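Architecture and fold: a report
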Amino acid sequence: MSQSDDTLFQHEKTAEPCPLCGHALQIKSGKNGPFLGCSNYPVCNYLKALHPHENTVVKVLEDQFCPECGNELAVKNGRYGMFIGCSHYPHCHFVVHADEPEPSDVPCPECKKGQLLERTSKYGKAFYGCSRYPDCKCLLNFKPVLGQCQFCNYPLLMEKPSASGVKLLCASKKCQKVQGS
């Protein structure tokens with residue numbers, strides 16, 4: 001390894017001292033991006049985010065109040081997007097959570113006790129799962145439709161959009177045949 005290659009892997013020291021041991025902090029790179037770490041690692045494990053993500057207030061909701069402390073609620077932009085929370089943070093941690101999805105009229109074909117609910121994955125894609133999750137892990141990637149498969153008699157169909165229009169498929173993972181018209 002040449003001297004120039006060796007300098008590529010050096011960490012840049014900062015003037016800021018480690019609050020735990022007093023050694024200089026270094027800018028290091030990790031799987032989640034750059035961070036500050038103690039130069040005395042592994043003796044000292046101090047870490048600090050290089051760019052901490054702060055919640056910023058977008059708009060104060062003047063006519064809505066926090067049920068926990070009575071201060072005004074605010075629309076905020078945080079690490080996971082927009083949300084409504086108490087304007088008196090960090091003294092009050094109240095956050096308005098999204099309502100649970102309404103149960104549909106489509107019963108779960110697996111457990112026959114729950115209803116299929118429309119949910120959203122962490123990537124923003126809609127899917128349908130049983131209301132009894134995690135006891136029942138029934139999952140569909142397409143919109144469920146009441147009906148019976150003409151090939152295997154499975155009690156549920158699903159609508160799959162395609163270039164030629166919407167097709168009805170058997171919701172059984174073993175069958176998934178296109179239903180005739």
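My aim in this report is to walk through the structure given alongside it, one point at a time. Predicted model only: the values in this text are computed from it and were never measured.

Looking only at helices and strands, one finds 1 helix and 14 strands in the chain. Within the chain, the proportion of its 181 residues that are buried is 25%. Within the structure as shown, the chain displays about 13300 Å² of accessible surface, and the carbon and sulfur contribution to it stands at 52%.

In any sheet, the strands associate via hydrogen bonds between backbone groups, in a parallel or an antiparallel arrangement. Strand order in the open sheet formed by 3 strands is E12-E13-E14, and the pairing between neighbours is antiparallel. Strand pairing shows two members of the sheet lacking a second neighbour, strand E12 (143–146) and strand E14 (165–170), which therefore form its edges. With strand direction ignored, the average angle separating the axes of adjacent strands in the sheet is 40°. Pairing analysis gives 4 bridges linking E12 to strand E13 (residues 156–162), with the strands arranged antiparallel. Note on E13: the bridge partner recorded for Lys143 is Glu159.

Turning our attention to the pattern of salt bridges. In this structure the tally under the stated criterion is 1 salt bridge. Note that Lys48 is salt-bridged to Glu16, the shortest N-O span being 3.1 Å. On the criterion of sequence distance, the pair formed by Lys48 in strand E4 (residues 47–49) and Glu16 in strand E1 (residues 12–17) is long-range, its members being 32 residues apart. Residue class for Glu16 comes out partly exposed when judged on its relative accessible area of 32%.

Turning our attention to the environment of Lys59. Relative to the helices and strands, Lys59 resides in strand E5 (residues 56–65). With 25 residues separating them along the chain, Lys59 and Ile84 place their C-alpha atoms 9.6 Å apart.

Judged by pairing direction, the sheet is antiparallel, and its 3 strands sit side by side in the order E9-E10-E11 without closing on themselves. Each edge of the sheet is formed by a strand with only one pairing partner; in this case those strands are strand E9 (116–120) and strand E11 (139–140). Inspection of the sheet shows E9 paired to strand E10 (residues 126–130) by 5 bridges, in the antiparallel sense. In the sheet register, Glu118 faces E10, and the bridge partner there is Tyr128.

Attention now moves to unusual backbone geometry. With omega at 10°, the peptide bond leading from Tyr41 into Pro42 counts as cis. Structurally, the position occupied by Pro42 is in the loop between strand E3 (33–38) and E4. For the bond from Tyr133 to Pro134, the omega torsion is 10°, close enough to zero to count as cis. Structurally, the position occupied by Pro134 is in the loop between E10 and E11. Positioned with a positive phi, Asn153 is a non-glycine residue whose angle comes to about 65°. By the element assignment, Asn153 lies in the loop between E12 and E13. Its relative accessible area of 51% is what places Asn153 among the exposed residues. Even without being a glycine, Gln176 presents a positive backbone phi close to 50°. Along the chain, the position of Gln176 falls in the segment after E14. By relative accessible area, Gln176 is classed as partly exposed at 39%.

A separate point is the nonpolar core. Counting residues in hydrophobic clusters, the biggest one holds 18 residues, and the most contacted among them are Cys108, Leu116, Leu140 and Leu156. Counting residues per element, the ones that place at least two in this core are E10, E13 and E14. Top element by residues in this core is E13. It accounts for 3 residues. Formed by 7 residues, the second largest nonpolar core is a distinct cluster that contains Cys66, Leu73, Cys86 and Cys92.

What counts as what
- Residues numbered from 1 in each chain as written.
- Predicted model: local features only at pLDDT ≥ 70, side-chain atom pairs only at ≥ 80, totals over all residues.
- Heavy atoms only, no water.
- Helix = DSSP H or I, 4+ residues; strand = E, 2+ residues; numbered from the N terminus.
- Buried < 20%, exposed > 50% of the residue type's maximum accessible area, 1.4 Å probe, protein only.
- Areas by Shrake-Rupley, 256 points an atom, 1.4 Å probe, with all protein chains shown as cover.
- Pairing = 2+ DSSP bridges.
- Axes fitted to C-alpha atoms, helices over the stretch in contact; angles between N-to-C directions.
- Salt bridge = Lys/Arg side-chain N within 4 Å of Asp/Glu carboxyl O.
- Core = buried A, V, L, I, M, F, W, Y, C linked by side-chain atoms within 4.5 Å.

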